[in-house]
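So you can see what is in the structure, the chains are spelled out below.
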Amino acid sequence: MAKMEVKTSLLDNMIGVGDMVLLEPLNEETVINNLKKRFDHNEIYTYIGSVVISVNPYRSLPIYSPEKVEDYRNRNFYELSPHIFALSDEAYRSLRDQDKDQCILITGESGAGKTEASKLVMSYVAAVCGKGAEVNQVKEQLLQSNPVLEAFGNAKTVRNDNSSRFGKYMDIEFDFKGDPLGGVISNYLLEKSRVVKQPRGERNFHVFYQLLSGASEELLNELKLERDFSRYNYLSLDSAKVNGVDDAANFRTVRNAMQIVGFMDHEVESVLEVVAAVLKLGNIEFKPESRVNGLDESKIKDKNELKEICELTGIDQSVLERAFSFRTVEAKQEKVSTTLNVAQAYYARDALAKNLYSRLFSWLVNRINESIKAQTKVRKKVMGVLDIYGFEIFEDNSFEQFIINYCNEKLQQIFIELTLKEEQEEYIREDIEWTHIEYFNNAIICDLIENNTNGILAMLDEECLRPGTVTDETFLEKLNQVCATHQHFESRMSKCSRFLNDTSLPHSCFRIQHYAGKVLYQVEGFVDKNNDLLYRDLSQAMWKAGHALIKSLFPEGNPAKINLKRPPTAGSQFKASVATLMKNLQTKNPNYIRCIKPNDKKAAHIFNEGLVCHQVRYLGLLENVRVRRAGYAFRQAYEPCLERYKMLCKQTWPHWKGPARAGVEVLFNELEIPVEEYSFGRSKIFIRNPRTLFKLEDLRKQRLEDLATLIQKIYRGWKCRTHFLLMRKSQIVIAAWYRRYAQQKRYQQIKSSTLVIQSYIRGWKARKILRELKHQKRCEEAATTIAAYWHGTQARRELKRLKEEARRKHAVAVIWAYWLGLKVRREYRKFFRANAGKKIYEFTLQRIVQKYFLEMKNKVPSLSPIDKNWPSRPYLFLDSTHKELKRIFHLWRCKKYRDQFTDQQKLIYEEKLEASELFKDKKALYPSSVGQPFQGPYLEINKNPKYKKLKDAIEEKIIIAEVVNKINRANGKSTSRIFLLTNNNLLLADQKSGQIKSEVPLVDVTKVSMSSQNDGFFAVHLKEGSEAASKGDFLFSSDHLIEMATKLYRTTLSQTKQKLSIEISDEFLVQFRQDKVCVKFIQGNQKNGSVPTCKRKNNRLLEVAVP
Ligand SMILES: Nc1ncnc2c1ncn2[C@@H]1O[C@H](COP(=O)(O)OP(=O)(O)OP(=O)(O)O)[C@@H](O)[C@H]1O
Ligand SMILES: [Mg+2]
């Protein structure tokens, strides 16, 4: 949303009137009252058209903040309440945008706030103009020139603690963009008399106090100064300290400012040396010394000070000393030297001090100019700021006041000229008829002062240059003659005797009727001050100084450039510089700031009407207002005018569609404003009387109130309506929500109640059904129980009956049997006695045997032949039968078991049986062999390719193939051999190669011997004389001894039909070639573990130790 622009006007919230052009009625009293009213409300600025009146508030107001700068930036002059910023902005903008050079003329009496105003203008312009490093440096230099000039040119006076004792005009130069480029400062008429003498309660220039307070000890030593103010004659002591002013701090500020402005260190040093020299000059004192010719000659009392000054300034002491004692007057070729008396010496000293200081000040201004001058040659736009002393009317007015007031007359003249010119131009521009304006033109007063032939300044110069005795009185006489007829000149002794009896006009005075009032001038000192003489000897002495700065300050002291013509007088100099200034100002667009001092006490909140009235008078403010509203008091462009007052007429409110001018015409017609009260210009409406404007304003205010009420009414209506609608809407929403909530809650309640009731009913129903079912069940159960009981009773009754019947039947049968028995026994008694016993016995026996067998049938044990179980015998007499039965059963089950065997199994068992017959209970090794199946060919020759040859060599079936240890009969050691048994042969072969070592036909095997012990040694005895027996019997050891012996036995039996003899003994003989060796088995020690060892004991004995 575009920011809504609020159009404001100077006329808004006005206190008194912001623009005194609108003052009605216009007189001194209303002007002062208006200023007072505004001053009391902190409105220190008031306009007279475009002129700003500023009343010194003597306290800091919060109206110069950066925010304020922004407020006034780019705003129309009459848009906001009067302010110095508005004027600055107007000036800066028309300089920048319309290419019009500007000047800002600030006037007012001492302490009215001119210097402050000039600083405010500069700071505003600095704040709104361009930015950037270079621009900022220029700004900074321009701003910092102020503290330097104030230190050297300002002093505390009774009117102002920081009174500018010189006039200052500063041109600030800008480029086409409005960025500052530099500046030029001109100074006017420094009050140099202050250097040597200050009125009571005032001080010398600030710099002297600042130097003594702020300089370091070292610097003071260098400058040969002491910190004590009282040491210096030139420093007034009664007000050496100013309240709220810190001289030492200011000294630092000044030095810093000098640095920023661009002073070199040595320049600062030189400047301070000159200041020190001036200060010390005041301490030179003279004493009279009578000379031969009876005249008094002055001599310096104490030369020490002189010496130090000379050291400081590099002047030859004798030269300076002489310059203080003699005065050389040169006329044409002649040089006349006269001695100076004490008074003249003091005059010379003070003249030197004043000159030195004022020239130093001018030098400073030039030096600053050098620094701040614009560096480019491009065309510049200029804004001049003139801070010059305002009109001065004291009790004793002297030459200075005369000069100053002259300057102000000139400024007033230029103001009149420019204002009227502007006014006229505006009328032409706006096509408004020009009517003559009555106003006071002060050109006549200016003429009285500056006229070259009979002006006061010309007369003064004439007197000063005239040969012969010239005094202030002669000058007054001259004026009395020349100016007597001038209507603004008044003197007691003037030719026309108008003032002969005017006692308010002393004889030694003349009075001028300035535009701002009458001023009485004392003629005393006019001639001297105008002459401003410095004896040539002194200027020459200065020129001879070794101090470069001092030398440069006195160029006229150069003997080579000796000029016998008198230097221009102070008056003519000033007149010339004022003329230059005026010329300068005339080329520019003027802006006026008129400063007013509200009281003499430098106090805030005090508005001394008498004092202000005095200033209003001499500032010519009434005159200002009159000139300003000579034709029309108020003018305004059509657009803002229509905008401001359009609400006063129905046709223009709220919007006017046509051109603004037509709108204003309609508006004014409607309001019936008399035609002579206004004129229509091209772009502005001109209102003749403020009354009319105020009428408009009043109507507007009233209308605004009505409008405000209307707006308020509509707004309130709207607000209430919207509020009501909102409330209603909210209420509906809330009600809807509440109803929903309430219904929900109710529904929940009903639902839960229903559930409860439902559950109760269901529970009750269920319990009822349960009860019924239980009842039914109980009934059924009862019936059953009753039935059961009934049946039970019936059954028991029946049973009882049957039992009874059976018992009866049984009893009958028993009785019957007894009876029969009795009958039979009676009948058969005779037979029974002979056989009955035997028969009963047989019958009973038969029955018992029968029972035994029947029982045995169920008691027989399992069919496993090794099952040892057998039922115990029931009767002793059946013992043998019982054993027999056990044996038969065992045989039978063995047979059963055997019948399951295959042929091969049978063979194996046969072999095992054979082994059992051969070794059971004979050889201790036997039991361990029972569990081992006889495998025969342990060594599978067929499968091992190593024994292929061996296998090929044997054609018969192999019964045993096993590795055995063959015992060497010579030493008992053993060698592994393959033991092979075939159907017909016994073969021994090498275990490694498979080569057959021996082959014995079974027919040649006669016996096998072995021990009864748990070893595997056995000897195979061969038939004596057979081929195989040549090497003797074999002695082997094998793990399968039992199997081998059995198989050898069985094979031999089946092949040879002879039983092989098997000898089991712990000592047997073995044929060893021709000898028989005894193999003896002994129970050996456990040394070699469980392996039997074989050892040859001697030729006949081979001992085998069996563990
Ligand atoms: N706008 C202001 N706001 C606050 N104080 C102000 C203002 N203008 C002036 N003063 C006060 O008044 C004193 C005097 O002002 P300033 O030095 O500007 O007077 P002046 O007109 O230059 O006097 P002179 O002619 O003696 O130089 C300032 O030191 C300051 O204390
Ligand atoms: Mg000042």
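Residues numbered from 1 in each chain as written. Chains lettered and ligands numbered in written order. Predicted model: local features only at pLDDT ≥ 70, side-chain atom pairs only at ≥ 80, totals over all residues. Heavy atoms only, no water.

Observations concerning the packing of helix α14 (residues 399-430) against helix α15 (residues 443-450)
Convention followed: To get an axis, fit a line to the C-alpha atoms, keeping to the stretch in contact for a helix; angles then go from 0 to 180 degrees between the N-to-C directions. Each helix is a run of H or I in the DSSP string that is no shorter than four residues. Each strand is a run of E no shorter than two, and both are numbered from the N terminus. A clockwise turn of the near helix away from the far one marks a right-handed crossing, whereas an anticlockwise turn of less than a right angle marks a left-handed crossing. The contact criterion used throughout is that any non-hydrogen atoms of two residues lie within 4.5 Å. Asp, Glu, Lys and Arg are counted as charged, while Ala, Val, Leu, Ile, Met, Phe, Trp, Tyr, Cys and Pro are counted as nonpolar; the rest, among them Gly, fall into the polar class.
One way to put it is that α14 packs onto α15 with a least axis distance of 9 Å and a crossing angle of 145 degrees. When you trace α14 past α15, the crossing you get is left-handed. Seen from α14, the contacting residues are F402, Y406, E409, K410 and Q413; seen from α15, they are A443, I445, C446, I449 and E450. For the contact of α14 with α15, the residue count by class is 6 nonpolar, 1 polar and 3 charged.

Description of the pairing of strand β23 (residues 996-1001)
So the rule is basically this: When DSSP locates at least two bridges between a pair of strands, those strands are taken to pair.
When strand β22 (residues 985-990) meets β23, the two strands line up antiparallel, connected through 5 bridges. Paired with L987 across the bridge in β23 is E999. Connecting β22 to the antiparallel partner β23 that follows it, the hairpin turn spans 5 residues, and G994 within it adopts a positive phi of roughly 80 degrees.

Let's talk about the pattern of salt bridges
To be explicit about the condition: A pairing counts as a salt bridge when a side-chain nitrogen of Lys or Arg comes within 4 Å of a carboxyl oxygen of Asp or Glu. Burial here depends on accessible area, computed with a 1.4 Å probe over protein chains only, as a share of the maximum for the residue type. Under 20% is buried, over 50% is exposed, and the range in between is partly exposed.
Scanning the entire structure with this criterion turns up 67 salt bridges. In this structure, the salt-bridge partner of R38 is E43, at a minimum N-O distance of 3.4 Å. Judged by relative accessible area, which is 2%, R38 ranks as buried. D990 is paired through a salt bridge with R977; the nearest N and O atoms lie 3.6 Å apart. Placement of D990 in strand β22 and of R977 in strand β21 (residues 974-982) is noted, with a sequence separation of 13 residues between them. Take D990 and R977: they sit in the same class, and that class is buried. In this structure, a network of salt bridges that share partners links the residues E226, R231, K280, E305 and E308.

Details of the coordination of the magnesium ion (ligand 2)
For clarity, the cut-off: Metal donors were taken as nitrogen, oxygen and sulfur atoms no farther than 2.8 Å from the ion, or 3.2 Å where the ion is Na, K or Ca. Water is excluded, so coordination may look unfinished.
For the magnesium ion (ligand 2), the full set of protein donor atoms is T115 (OG1) and S164 (OG), and the range of their distances to it is 1.9 to 2.0 Å. With T115 in helix α4 (residues 114-128) and S164 in strand β5 (residues 163-164), this pair connects stretches of sequence that are 49 residues apart. Take T115 and S164: they sit in the same class, and that class is buried.

What to know about the packing of aromatic side chains
What counts is decided by this rule: When the centres of two rings from Phe, Tyr and Trp lie within 6.5 Å, Trp using its six-membered ring, the rings pair. Their planes under 30 degrees apart give stacked, over 60 give edge-to-face, and anything left gives tilted. Over a ring means this: the NZ of a Lys or the CZ of an Arg is within 6 Å of the ring centre and within 35 degrees of the ring normal.
This structure, assessed with the given rule, holds 42 aromatic pairs. One aromatic cluster is present, built from ring pairs that chain together F399, F402, F475, F489, F510, Y521 and F526. Note that R203 overlies the ring of Y209, its terminal NZ or CZ placed 4.0 Å from the centroid. The ring of F326 carries the charged tip of R322 above its face, separated from the ring centre by 4.4 Å.

Let's talk about the site of ligand 1
Heads up, the rule is: Put simply, a residue is near a molecule or strand once any heavy atom of it comes within 4 Å of that molecule or strand. We define a polar contact as two N or O atoms separated by no more than 3.5 Å, with the added condition that, inside protein, one atom must be a possible hydrogen donor and the other a possible acceptor, whereas residues neighbouring each other in sequence contribute only through side-chain atom pairs. Here the accessible surface of atoms and residues is derived via Shrake-Rupley with a 1.4 Å probe, and residues count as covered only by protein chains that are part of the display.
Taken together, the neighbourhood of ligand 1 is formed by 17 residues, with S110, K114, T115, S163 and S164 sitting nearest. Within the contact set of ligand 1, an oxygen atom lies 2.8 Å away from a side-chain nitrogen or oxygen of N160. N162 is positioned such that a nitrogen or oxygen atom in its backbone is 3.4 Å from an oxygen atom of ligand 1. The fraction of the free accessible surface of ligand 1 (620 Å²) that becomes covered by protein chains is 85%. Counting only elements with at least two residues in the shell around ligand 1, the list comes to α4 and β5. Here the element with the most residues in the shell around ligand 1 is α4; it accounts for 3 residues. Here the residues of the shell around ligand 1 are counted per class, giving 4 nonpolar, 9 polar and 4 charged.

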